[in-house]
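Now for the letters of each chain:
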Amino acid sequence: MWAASCLASCCAACACEACRSVVSGISRRSARIAYCGLFALSLIVSWILREVAAPLMEKIPWINHFHQTPDREWFETDAVLRVSLGNFLFFTIFAIIMIGVKNQKDPRDQLHHGGWMVKVVSWCLLVILMFFLPNGIVSFYETISKFGSGLFLLVQVVLLLDFVHAWNDKWVRKDEQFWYIALFVVSLACYVATFSFSGLLFHWFTPSGHDCGLNTFFIVLTLIFVFVFAIVALHPAVGGSILPASVISLYCTYLCYSALASEPRDYECNGFHKHSKAVSTGTLTLGLVTTVLSVVYSAVRAGSSTTLLSESGSPDEDKPLLPLNNTDKKDKEVDEARPVTYSYAFFHIIFSLASMYSAMLLTGWSTSVGESGKLVDVGWPSVWVRIITGWATAVLYIWSLVAPLLFPEREF
């Protein structure tokens, strides 16, 4: 017994020392990666608690105060929402603190990049505290999370538009035949993928013998958008390029697919309903990893996006998140006088919205019951969020093409 106690103490001490070593090694340039890692940890904790916390939460009196104990899925959803709420509060508090940080002389700049041991402990305490809150607060957070998730998806759309326009401009500026051919090849590949994908959507989600008018409407409207994108982009008055139109077309088709694939598994027009009885751990893992990568990219990209932000950047804007060598000490005196390279407040706001979005994905937009409770991002709310996001993408892209014509005196 004594030996086991000593071994446990040694393991705990080693773990603490390893944690201190990791957090002390986080530099200015790797701070964003550390925040991304903390967010990824919150998703892992949410997923684990969704699987194992229900029996424990049923015994907590201020959570299970109902006359009749709810289904197990209710407690699984509640556990995810409470972890998400703690994560949301953590990043929201930092977003409020970081409002107005303009240069690296501001003391809050050090708070943003340092103090990682305190941050990790604070995050843990916030998450634990959420399990002592009454159900009404969690229910309110669940409601506003649906709106926050929509905002996060709109941010993703703006980032995509910014990316494809920058990509096109970069290749056009080279003014060489090779790059014009590359533009044509990539555009052609995107259109081939778009129309092939659309054919598969008709095959999967409009099975014969069933009235699937709604799915047909979604797919046909997406194809109409595809043709409208090309017509508007190639109109002489617009003078656009086919590359952004092709990429946005493929993205809208993907959104249509993800929406249709999120339909309830017992819906007769969902071609995947035959595979609904069991979902493998690999499928859940893939869904979680995809979510992490999407959220991390959006947060990092949005923090320094010139489309979303108007703050002036510095020459460091294009430097990698993880430097190949440590130049913090060499440039310390110079860095103190430099403007910040991205908006700290907006960076944390993106993580706050992403916390809501991830909670909705892991809980099936808080409508999962029965077998669907074991699926990621399944249910009619998810379907309509994806569809509306696709429509918003189409509107924003068309607006980005016609706005300079309607308001020539403004800069877009």
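Residues numbered from 1 in each chain as written. Predicted model: local features only at pLDDT ≥ 70, side-chain atom pairs only at ≥ 80, totals over all residues. Heavy atoms only, no water.

A.B. asks: Can you help me understand the side chain of S249 in this one?
C.D. replies: With respect to the element layout, S249 can be found in helix 10 (residues 242-261). Using a relative accessible area of 0% as the deciding quantity, one classes S249 as buried. If we ignore the near neighbours within four places in the chain, the residues touching S249 are Y191, T194, V226 and F229. (Helix = DSSP H or I, 4+ residues; strand = E, 2+ residues; numbered from the N terminus. Buried < 20%, exposed > 50% of the residue type's maximum accessible area, 1.4 Å probe, protein only. Contact = heavy atoms within 4.5 Å.)

A.B. asks: How should the packing of helix 4 (residues 72-97) against helix 7 (residues 135-174) be read in this particular structure?
C.D. replies: In helix packing, the relevant descriptors are the interaxial angle and the interaxial distance, both defined with respect to the helix axes. It is at 10 Å that the axes of helix 4 and helix 7 come closest, and there the two elements cross at 80°. It follows from the interaxial angle that helix 4 and helix 7 lie roughly perpendicular. Only N135, I137, V138, Y141 and E142 of helix 7 make contact with helix 4, whose side of the interface consists of W74, D78, L81, R82, S84, L85 and F88. Class assignment of the residues belonging to the contact of helix 4 with helix 7 gives a composition of seven nonpolar, two polar and three charged. (Axes fitted to C-alpha atoms, helices over the stretch in contact; angles between N-to-C directions. Parallel < 35°, antiparallel > 145°, perpendicular 65-115°, else oblique. Nonpolar A, V, L, I, M, F, W, Y, C, P; charged D, E, K, R; others polar.)

A.B. asks: Hey, could you run me through the pattern of salt bridges in this one?
C.D. replies: Where side chains of opposite charge bring their charged atoms close, a pairing between them can arise. On inspection of all chains with the given rule, the structure shows four salt bridges. Between R108 and D106 there is a salt bridge, and its shortest N-O distance comes to 3.0 Å. Across the pair E142 and K146 runs a salt bridge, and its minimum N-O distance is 3.8 Å. With E142 and K146 both in helix 7 and four residues apart, this pair spans about one turn of that helix. For E142, a relative accessible area of 21% gives the class partly exposed. (Salt bridge = Lys/Arg side-chain N within 4 Å of Asp/Glu carboxyl O.)

A.B. asks: Is there a simple way to explain the state of the cysteines in this structure?
C.D. replies: Simply put, the disulfide is a covalent bond whose two ends are the sulfur atoms of two cysteines. Following the criterion strictly, the structure yields one disulfide and no others. The residue that forms a disulfide with C212 is C269, at a sulfur-sulfur distance of 1.9 Å. Negative torsions about the S-S bond denote left-handed disulfides, and the value of about -95° found for C212 with C269 makes this one left-handed. With a gap of 57 residues between them, C212 in the loop between helix 8 (177-205) and helix 9 (213-234) and C269 in the loop between helix 10 and helix 11 (281-303) connect regions that are remote in the sequence. In this structure, C212 and C269 share a single accessibility class: buried. (Disulfide = S-S within 2.5 Å.)

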